[in-house]
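Each chain, letter by letter, is given below.
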Amino acid sequence: MILLIQYLFKYFLFEKYNIEVSLDDLHFGLLAFSTVFVAIAGYIINDVNDVKTDIINKPDKLFVDKKITRINAHYLFIGFNSVGLLIGMYLSYYIGHTSYFIIYVLTSLLLYQYAKYLKKMFILGNITVSLIIFLCILMTAVFDVAPATNGYNLEAQIEIFYIFLTYGVFGFLLTFIREIVKDMEDIEGDKSIDAKSFPIVMGNKKTKVIIFVIALVLVSGLSFLIFRLYESEKILVYYTLIMVLLPLIFFINKLYWAREKSDFHFLSSVLKMIMLTGMLSILTL
């Protein structure tokens, strides 16, 4: 999905609105894959630290210690992370803003800290993952659009930044909801490592209320956007209504009746599909 959103922005939205950019095809490819490499490294180190909980939560999907040794997993983590960071350093130098490299460093550190410590902490783990998704979505704007912005194209560039922020907030909130739902699915394994997840600390009923409120905020915000700000864009309105808003309402309804681990796994999958259809709405802009 990281690759999808970045390439949709680059080769559909930017070209359609004649946005000035700073990266050619080669360097944009480096940006996209460096982001993915850092994300892959985060997944690997997370799997390494999740062995104990995965034995309980998803024994059939256990990878580390079953298909690959921990030491080799660490080597892969170091390899993917190093390549991603090196490319990020080069791109920061290439666009003339070496300070932008801090985004790569911050993302890498957050992924590592999440895997080691933050995932066990109340709300901090959920916010961390959501923030990482937000940063991944903004990477294209920061590295490709911002350096090419000047006094002549400022208005058009700012408009694109607003679109980036909209998708970034959408990705943040949807990821935050999904992370809490996954906590409800994985509650038994999380208890085994003394994690302080939402359902463990607050119980399933209060956790459902929190998810309901956030989902309602998301539905209300999207409804305002498409029915007030983008009401003239009929294709966008109908697409968002059918492919994003109605599935979100379906999710809220199913959440009320969810009780078993399989129910929360299904809801997590529903949210993943909503994330995908939400990103594909770029094609209707």
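Before any of the text, the structure's been laid out above.
So, here's what we can say about the structure.

What counts and how
Residues numbered from 1 in each chain as written. Predicted model: local features only at pLDDT ≥ 70, side-chain atom pairs only at ≥ 80, totals over all residues. Heavy atoms only, no water. Axes fitted to C-alpha atoms, helices over the stretch in contact; angles between N-to-C directions. Helix = DSSP H or I, 4+ residues; strand = E, 2+ residues; numbered from the N terminus. Parallel < 35°, antiparallel > 145°, perpendicular 65-115°, else oblique. Left-handed = near helix turned anticlockwise from the far one by under 90°. Contact = heavy atoms within 4.5 Å. Nonpolar A, V, L, I, M, F, W, Y, C, P; charged D, E, K, R; others polar. Buried < 20%, exposed > 50% of the residue type's maximum accessible area, 1.4 Å probe, protein only. Salt bridge = Lys/Arg side-chain N within 4 Å of Asp/Glu carboxyl O.

1. So, the packing of helix H2 (residues 25–49) against helix H5 (residues 101–116)
Okay, so step 1: Following both chains from N to C, one finds H2 and H5 inclined at 15°, their axes separated by 8 Å at the closest point. As far as their axial angle goes, H5 and H2 are roughly parallel. In terms of crossing hand, the pair formed by H2 and H5 is right-handed. Residues Leu31, Ser34, Thr35, Val38, Ala39, Gly42, Ile45, Asn46 and Asn49 of H2 form the contact with H5, whose own contacting residues are Tyr104, Thr107, Ser108, Leu111, Tyr112, Tyr114, Ala115 and Lys116.
Okay, so step 2: Looking at the contact of H2 with H5 residue by residue, the class counts come to nine nonpolar, seven polar and one charged.

2. Some words on unusual backbone geometry
Okay, so step 1: Despite not being glycine, Asn18 shows a phi value in the positive range, around 50°.
Okay, so step 2: Tracing the backbone shows Asn18 in the loop between helix H1 (2–16) and H2.
Okay, so step 3: Residue classification places Asn18 among the exposed positions, given a relative accessible area of 66%.
Okay, so step 4: Positive phi, close to 65°, is recorded for Ile123, a residue that is not glycine.

3. Looking at the pattern of salt bridges
Okay, so step 1: Evaluated as defined, the whole model comprises three salt bridges.
Okay, so step 2: Residue Lys261 is joined to Asp186 by a salt bridge in which the shortest nitrogen-to-oxygen separation is 3.7 Å. Of this pair, Lys261 sits in helix H11 (residues 261–280) while Asp186 sits in the loop between helix H7 (154–185) and helix H8 (187–192); the two residues are 75 residues apart in sequence, bridging distant segments of the chain.
Okay, so step 3: Residue Lys261 is classed as partly exposed on the basis of its relative accessible area, which comes to 35%.
Okay, so step 4: With relative accessibility at 17%, the residue Asp186 sits in the buried group.

These figures capture arrangement, not role.
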